[in-house]
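Now for the letters of each chain:
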Amino acid sequence: MKIVLDPGHGGKDPGAMFRALREADIVLDMALACLSRLQLWHCVALTRTSDVYVPLADRVQIANWWGADLFVSIHTNADPDPDAPGMPEAKGEEIWIYPDSSTSLDVANAIQDHVDSFFPDHHFRGIKETDHLYVLKHTQMPALLIETGFIDNINEHTAFANPLFRRRIGVQLARGILLYDKGKQGAV
Ligand SMILES: [Zn+2]
């Protein structure tokens, strides 16, 4: 497969920020770890490999021009509402796909368990459909966007601060994608 990994944000766009952490840095580490695992078996391209700003249209164009088979955008979530007293903090992972994209759903299903293991005690928020995310709407191949957890959830924030943890998430993502590919070939 030709796979495009898309670490969100970068450069002048730090993404979500909480305390000393920037989403752009976290997801780049995840994407690089995912790349190093995936490229043993697949052709993998990244939309950015350093802390640079890449417009959404360029990210989509990289995947469309290359004729990628899969586009995976990697993000961390943030909960903009101040936590009301007594209300639990937002937490957990979620996967977004474009509506009625059955292959995207197959990929999301294959990686769901691996994604869910990022924070085993925080429940997986589910696979959700949206037609509002640019990179899902304009890519011409199966595509998904993963919110790997909440940068402003205190437990997930602490985990994201650890470079080893970020790499582990990248590897888990790769394992999920590899599982999808195996299933497609009828090996599972
Ligand atoms: Zn983001």
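No experiment lies behind these values; they were computed from the predicted model shown. (Residues numbered from 1 in each chain as written. Predicted model: local features only at pLDDT ≥ 70, side-chain atom pairs only at ≥ 80, totals over all residues. Heavy atoms only, no water.)

**Points about the side chain of His42**
On the secondary structure map, His42 appears in the loop between helix 1 (23-38) and strand 4 (43-46). The exposure class assigned to His42 is buried, which follows from its relative accessible area of 9%. One polar contact links His42 to Asp181, side chain to side chain, over a distance of 3.4 Å. In this structure His42 touches Met1, Ile3, Leu178 and Asp181, once residues within four positions along its chain are discounted. (Helix = DSSP H or I, 4+ residues; strand = E, 2+ residues; numbered from the N terminus. Buried < 20%, exposed > 50% of the residue type's maximum accessible area, 1.4 Å probe, protein only. Polar contact = N/O pair within 3.5 Å; in protein donor to acceptor, adjacent residues only side chain to side chain. Contact = heavy atoms within 4.5 Å.)

**Some thoughts on the environment of Asp51**
Turning to its location among the elements, Asp51 is positioned in the loop between strand 4 and helix 2 (56-66). Classification of Asp51 as partly exposed rests on a relative accessible area of 38%. Sequence-wise, Asp51 and Pro14 are 37 residues apart; in three dimensions their C-alpha atoms are separated by 8.9 Å. Sequence-distant contacts of Asp51, defined by excluding residues within four places in its chain, comprise Gly10, Gly11, Arg22, Ala24, Asp25 and Leu28. Only 2.8 Å separates the side chain of Asp51 from the backbone nitrogen of Gly11, close enough to count as a polar contact. One polar contact links Asp51 to Arg22, side chain to side chain, over a distance of 3.5 Å.

**Let's talk about the pattern of salt bridges**
Inspection of every chain in the model, using the stated rule, returns 7 salt bridges. Linking Asp25 and Arg22 is a salt bridge whose minimum nitrogen-to-oxygen distance equals 2.7 Å. Salt bridges sharing common partners tie together Arg22, Asp25 and Asp51. (Salt bridge = Lys/Arg side-chain N within 4 Å of Asp/Glu carboxyl O.)

**What to know about the coordination of the zinc ion**
Looking at the zinc ion, the protein donor atoms are His9 (NE2), Glu23 (OE) and His75 (ND1), and they sit 2.1 Å from it. Taken in chain order, the donor set of the zinc ion reads H-x13-E-x51-H. Pair noted here: His9 is in the loop between strand 1 (2-7) and strand 2 (17-18) and His75 is in strand 5 (residues 70-77), with a separation of 66 residues, a long-range link. Here His9 and His75 have matching classes, each one buried. (Donors = N, O, S within 2.8 Å, 3.2 Å for Na, K, Ca; no water.)

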